[in-house]
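# Chains, contacts and geometry: an overview
Chain by chain, the residues:
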Amino acid sequence: MRLGLFVAVILIVAGCGGKTPPCDDETVTAAVRGNAEQTITDALLRSDPELRVEQIMSRVSITLTDVTATDYNKSIDKHTCGAALRVTLPTEIAALNDYRAFQKLVLRDTKVEVEANDIVAPITFTTYLSEQDNQLIVYSEGENAPAKYIQGAHKAGAFDADLSTLPELRVGLTLYTTPGKSVLLEPAENGALKFHVNHQSHMCRSWTQFITEERGATLVYDNPKAGCSLIFSRLGQIMLVEHEGCELMAKACYPDGVYQKQ
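Heads up: these notes are all about the structure in this document. What you are looking at is a predicted structure, and each value in this text was computed from that prediction instead of being measured.

### Digging into the overall build of the protein
Counting its secondary structure elements, the protein contains six helices and 14 strands. Principal-axis analysis of the C-alpha atoms gives the protein an extent of 80 × 35 × 30 Å. The 262 residues of the protein split such that 47% are buried. Partitioning the contacts of the protein with sequence separation of at least 6, the portion at a separation of at least 24 is 55%. Element-wise, carbon and sulfur atoms account for 50% of the exposed surface of the protein, whose accessible area totals about 13,800 Å².

### A closer look at the pattern of salt bridges
Under the criterion given, the structure shown has 10 salt bridges. The salt bridge involving E214 is made with R170; its shortest N-O contact spans 2.5 Å. You can see E214 sitting in strand β10 (residues 213–215) and its partner R170 sitting in the loop between α6 (144–155) and β6 (174–178), a full 44 residues away along the chain. For E213, the salt bridge identified is with R215, shortest N-O distance 3.0 Å. Linked through salt bridges whose partners overlap, the residues forming this network are R100, K104, E242 and E244.

### A look at the packing of helix α2 (residues 26–47) against α6
At a minimum axis distance of 9 Å, the contact between α2 and α6 shows a crossing angle of 35°. The way α2 lies across α6 gives a crossing that is right-handed. When α2 is examined against α6, the residues T39, I40, A43, L44, R46 and S47 are found in contact with a partner set consisting of N144, A147, I150, Q151, H154 and K155. Split into classes, the residues belonging to the contact of α2 with α6 amount to five nonpolar, five polar and two charged.

### Points about the packing of aromatic side chains
Evaluated as defined, the whole model comprises five aromatic pairs. Geometrically, the ring pair formed by F102 and Y149 is edge-to-face, given 5.7 Å between the ring centres and 65° between the ring planes. Placement of the pair is F102 in helix α5 (residues 100–107) and Y149 in helix α6, with a sequence separation of 47 residues. Each member of the pair, F102 together with Y149, is buried.

### A short note on unusual backbone geometry
A negative phi angle is the norm for most residues apart from glycine, just as the trans form is the norm for most peptide bonds. Its identity is not glycine, yet A116 carries a phi of approximately 55°, on the positive side. Structurally, the position occupied by A116 is in the loop between β3 (113–115) and β4 (118–129). On the basis of relative accessibility, which here comes to 70%, the residue A116 falls in the exposed class. At N134, a residue that is not glycine, the phi angle is positive and equals roughly 60°. When you line up the elements, N134 lands in the loop between β4 and β5 (136–141).

So, how was this worked out
- Residues numbered from 1 in each chain as written.
- Predicted model: local features only at pLDDT ≥ 70, side-chain atom pairs only at ≥ 80, totals over all residues.
- Heavy atoms only, no water.
- Helix = DSSP H or I, 4+ residues; strand = E, 2+ residues; numbered from the N terminus.
- Buried < 20%, exposed > 50% of the residue type's maximum accessible area, 1.4 Å probe, protein only.
- Contact = heavy atoms within 4.5 Å.
- Areas by Shrake-Rupley, 256 points an atom, 1.4 Å probe, with all protein chains shown as cover.
- Salt bridge = Lys/Arg side-chain N within 4 Å of Asp/Glu carboxyl O.
- Axes fitted to C-alpha atoms, helices over the stretch in contact; angles between N-to-C directions.
- Left-handed = near helix turned anticlockwise from the far one by under 90°.
- Nonpolar A, V, L, I, M, F, W, Y, C, P; charged D, E, K, R; others polar.
- Phe/Tyr/Trp six-rings, centres within 6.5 Å; stacked < 30°, edge-to-face > 60°.

Coordinates in, geometry out; function isn't part of it.
Okay, here's the thing in structure tokens:
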């Protein structure tokens, strides 16, 4: 947040004429966009301090739409504003939100709206001049939801992996891994696919079963007698795995996770 405030001060002090610019002033909206970019950058670096953030930020764009003035305090010349913060993503990354497993495993409680390739979140911001040196202060709130989405997509490998090219599963063994466990897919003699779930933890047994249904890029294991089913959502080099049921399995041994092809 500090970077956005600092940039706003430098840009506007010479030309503001001693009066706080309104909500839709370009210098104000540029500062809000800068705050949003900094919030996303901070979120990415928290999950990966060695990350070259510029490689991700070069693939997204940040805009403000529907900027409105919600209040004006004349006595202190302070504007209170609202807007829609739009972060435009590559098409294949925005499409992750269509998968319940991505929402469940990666986003959890992060609430965002996705419109085409845009993550949209309502934000509020205030703009006023400091008493000491008449410098512009722009303070904004609401950028956390888009930042968490991008952080989650990065942690899932979406910015690094090929999300469009599906591996051919019937030409040999196909291994997907996530920390602590792996899923190995192999073609069986009867033409079906067999999966093997393996855990590094000695508390969880390896598990081998046949895929019972293929729906394009989605693989399903369904065993009504055991009350257990799994959904394998293949997104290019990434696979999302979530269970439904499986009451006889310890929670720590669920195969749920975001796996990457090896």
